[in-house]
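Understanding the architecture of this molecule
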Amino acid sequence: MAKKIIITGGAGFIGSHVVRLFVNKYPDYEIINLDKLTYAGNLANLTDIEDKPNYRFIKGDIVDQDFIHQLFKDENPDAVIHLAAESHVDRSIESPMDFIMTNIVGTVNLLNAAKAVWGDELADKRFYHVSTDEVYGSLGETGLFTEETPYDPRSPYSASKASSDHLVRAYYHTYNMPVVLSNCSNNYGSHQFPEKLIPLFINNIKNNKPLPVYGKGDNVRDWLWVNDHARAIDVIFHQGKTGETYNIGGHNEWKNIDLIKLLCNIMDKKLNREPGTSEKLITYVKDRAGHDKRYAIDATKLKNELGWEPSLQFEEGLEKTVDWYLENEEWLINVTSGEYQNYYEKQYHQR
Ligand code: NAD
Ligand code: DAU
């Protein structure tokens, strides 16, 4: 059946992969990419599909209540896949209010607009909220986050995402809003803004700049290839049970410093540098405030109920990612010019 879907945040890192997958895989669907184009949103992420007949871009702010209500009235979508967010933990420590507005108020605006246009006609409607494993807080040496793990967010970013998750679930229980949610671990891959660990370090190694490792570099993250996240969103969107939450993860835990050393080795190889050259750029700097020690996802429910599994080994995915950044130098230069320089100075100058 033909579906009209509003995908929010479709010009960002994960959103652009989701938009690309849906536009290419479902030619009968009408995909509307709704994005404010903040510093993290970039239409250059979507040049390969921008002329497809089943794709449209609308520039807009999910915080703008009047605009969102009018848009939903005009478009009357069958579904929403909501990815738009302020997404970087360090920025949330500096400017929490942007996170409260977009991640909480923006999400409620979308829920209210969907509720207003859908009314009681909820058959075949779907509101998919994309969230993060950071809502569960920080793990010790052992254990995994399951869908039953109590929420314990520690940063303004994760607290704003936790709040939005609670509101999405509240609309399900209170108004029968046909919601589905997923909480995913750290993504990596092409088109990620170079404020996040992997693309930041690729860019710095390329430019022979110091690699600012927070604290001792012993924090652990569970990394998933972004295309595998997009595949999981496709599966959950189509087969997930209304009202349910699915954890998505890579079964792929890495201590930051081990990941960074692997990345340095790959970069030395790709840039024809002497082995050990890039590692010399490692610089230990002041830790992130409230730095969560370890994240790790138990994605058994998604595997057992919907048959999803990650497709790629990390070493292979990381090499593909490095290749993409080295082949797309213009993309990297464009996003790291201008405002990025001010952000970088402020974030790393005094560490
Ligand atoms: P991103 O920062 O790369 O992209 C966010 C997009 O949202 C950008 O295109 C931006 O322009 C848009 N946006 C921001 N504020 C907006 C607003 N007010 N109105 C409309 N559009 C707005 O983020 P990402 O890393 O692609 O993350 C996407 C989603 O996935 C987020 O909800 C994030 O919490 C979640 N998530 C991310 C990861 C990860 O590792 N990056 C992991 C799990 C979950
Ligand atoms: O777990 C999912 C989350 O993963 C998403 O919800 C977030 O949107 C996404 O940004 C990511 O959060 P992290 O804080 O884990 O990602 P980041 O790339 O910022 O940092 C990864 C690890 O690397 C973390 O332990 C902090 C460390 N780090 C990061 C930066 C930017 C450094 O040591 N130095 C750095 O300069």
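What comes next concerns the included structure. If you're wondering where the values come from, they're calculated on a predicted model, not measured in any experiment.

**Remarks on the layout of surface pockets**
Think of a ball as big as a water molecule: rolled over the atoms, this probe shows where empty space is left. Considered as a void within the structure, the largest pocket measures approximately 700 Å³ in volume. Lining the largest pocket are 27 residues, and of these Arg-91, Glu-94, Tyr-343, Lys-346 and Gln-347 sit closest to its centre. Taken together, the elements giving at least two residues each to the lining of the largest pocket come down to helix H3 (89-94), helix H4 (96-118), helix H11 (329-336) and helix H12 (339-348). Of the residues forming the lining of the largest pocket, the biggest block, 7 residues, is contributed by H12. Of the residues contributing to the lining of the largest pocket, the split by class is 8 nonpolar, 7 polar and 12 charged.

**Side note on the site of ligand 1**
In the vicinity of ligand 1, 28 residues are found, and the nearest of them are Ile-14, Asp-35, Ser-87, Tyr-157 and Lys-161. Between ligand 1 and Phe-13 there is a distance of 3.1 Å, counted from an oxygen atom to a backbone nitrogen or oxygen. Leu-37 places a polar main-chain atom, nitrogen or oxygen, 3.5 Å from an oxygen atom of ligand 1. Starting from 830 Å² of accessible surface for ligand 1 in isolation, the protein chains cover 97%. Among the elements that make up the shell around ligand 1, the one with the highest residue count is strand S5 (residues 126-132) (3 residues).

**Regarding the site of ligand 2**
Every one of the 26 residues lining ligand 2 counts as a neighbour, but Asp-133, Tyr-157, Arg-288, His-291 and Tyr-348 are closest to it. In this structure, an oxygen atom belonging to ligand 2 sits 2.9 Å away from a side-chain N or O atom of Asn-256. At 2.7 Å, a side-chain N or O of His-291 approaches an oxygen atom of ligand 2. Within the complex, the protein chains bury 95% of what would otherwise be the 690 Å² of accessible surface of ligand 2.

**Quick look at the sheet that holds strand S4 (residues 79-82)**
The strand order S3-S2-S1-S4-S5-S6-S10 describes an open sheet built from 7 strands, whose pairing is parallel. Two strands bound the open sheet, and with one partner strand each, they are strand S3 (55-59) and strand S10 (245-248). Each adjacent strand pair in this sheet contributes to an overall mean axis angle of 20 degrees, direction not counted. In the sheet, strand S2 (residues 30-35) pairs with S3 via 5 bridges, with the strands oriented parallel. Across the sheet, Asp-35 pairs through a bridge with Lys-59, a residue of S3. Contacting strand S1 (4-8), S2, S3 and S4, helix H2 (residues 65-75) runs over the sheet at an angle of about 155 degrees to S3.

**As for the sheet that holds strand S7 (residues 186-188)**
Overall, mixed pairing links the 3 strands, which are arranged S7-S9-S11 in an open sheet. The two strands at the open ends of the sheet, each matched to only one other strand, are S7 and strand S11 (253-255). Between one strand axis and the next, the sheet turns by 50 degrees as a mean value, whatever way the strands run. Here 3 bridges tie S7 to strand S9 (residues 220-225), and the two strands are oriented parallel to one another. Note that in S9 the partner of Asn-186 across the bridge is Trp-223. Here helix H7 (residues 226-239) sits on the sheet and contacts S7 and S9; the angle it forms with S9, its principal contact strand, is near 70 degrees.

**Focus: the packing of helix H6 (residues 197-206) against helix H8 (residues 256-270)**
Contact pair H6 / H8: the axes reach a minimum separation of 11 Å and the direction vectors enclose 40 degrees. If you check the angle between H6 and H8, you find them oblique. Our pair here, H6 against H8, has a crossing hand that is right-handed. Between H6 and H8, the contacting residues are Leu-197, Ile-198, Phe-201, Ile-202, Ile-205 and Lys-206 on the first element and Asn-256, Leu-259, Ile-260, Leu-263, Cys-264 and Met-267 on the second. Residue composition of the contact of H6 with H8, grouped by class: 10 nonpolar, 1 polar and 1 charged.

**A short note on the pairing of strand S8 (residues 211-214)**
Residues of S8 alternate between two faces, with Leu-211 and Val-213 on one and Pro-212 and Tyr-214 on the opposite face, all of them buried. Where S8 and strand S12 (residues 282-285) come together, 4 bridges link them in parallel fashion. Within the sheet, the bridge partner assigned to Leu-211 lies in S12 and is Ile-282.

**Considerations on empty space enclosed by the protein**
One pass over the structure, following the stated rule, counts 3 cavities of 30 Å³ or more. Of the volumes computed, that of the second largest cavity is approximately 50 Å³. Around the second largest cavity, the lining residues are Tyr-188, Trp-223, Leu-224, Trp-225, Asp-228, Gly-250, Asn-252, Pro-310, Leu-312, Gln-313 and Phe-314. Among the elements that take part in the lining of the second largest cavity, S9 stands out by supplying 3 residues, more than any other. Looking at the lining of the second largest cavity residue by residue, the class counts come to 7 nonpolar, 3 polar and 1 charged.

About the thresholds
Residues numbered from 1 in each chain as written. Chains lettered and ligands numbered in written order. Predicted model: local features only at pLDDT ≥ 70, side-chain atom pairs only at ≥ 80, totals over all residues. Heavy atoms only, no water. 1 Å grid on protein atoms, 1.4 Å probe; cavity = no way out; pocket = protein on both sides within 12 Å on 5 of 7 lines; lining within 4 Å. Points joined across faces, edges and corners; volume = space filled by probe spheres on them. Helix = DSSP H or I, 4+ residues; strand = E, 2+ residues; numbered from the N terminus. Nonpolar A, V, L, I, M, F, W, Y, C, P; charged D, E, K, R; others polar. Near = heavy atom within 4 Å. Polar contact = N/O pair within 3.5 Å; in protein donor to acceptor, adjacent residues only side chain to side chain. Areas by Shrake-Rupley, 256 points an atom, 1.4 Å probe, with all protein chains shown as cover. Pairing = 2+ DSSP bridges. Axes fitted to C-alpha atoms, helices over the stretch in contact; angles between N-to-C directions. Contact = heavy atoms within 4.5 Å. Parallel < 35°, antiparallel > 145°, perpendicular 65-115°, else oblique. Left-handed = near helix turned anticlockwise from the far one by under 90°. Buried < 20%, exposed > 50% of the residue type's maximum accessible area, 1.4 Å probe, protein only.

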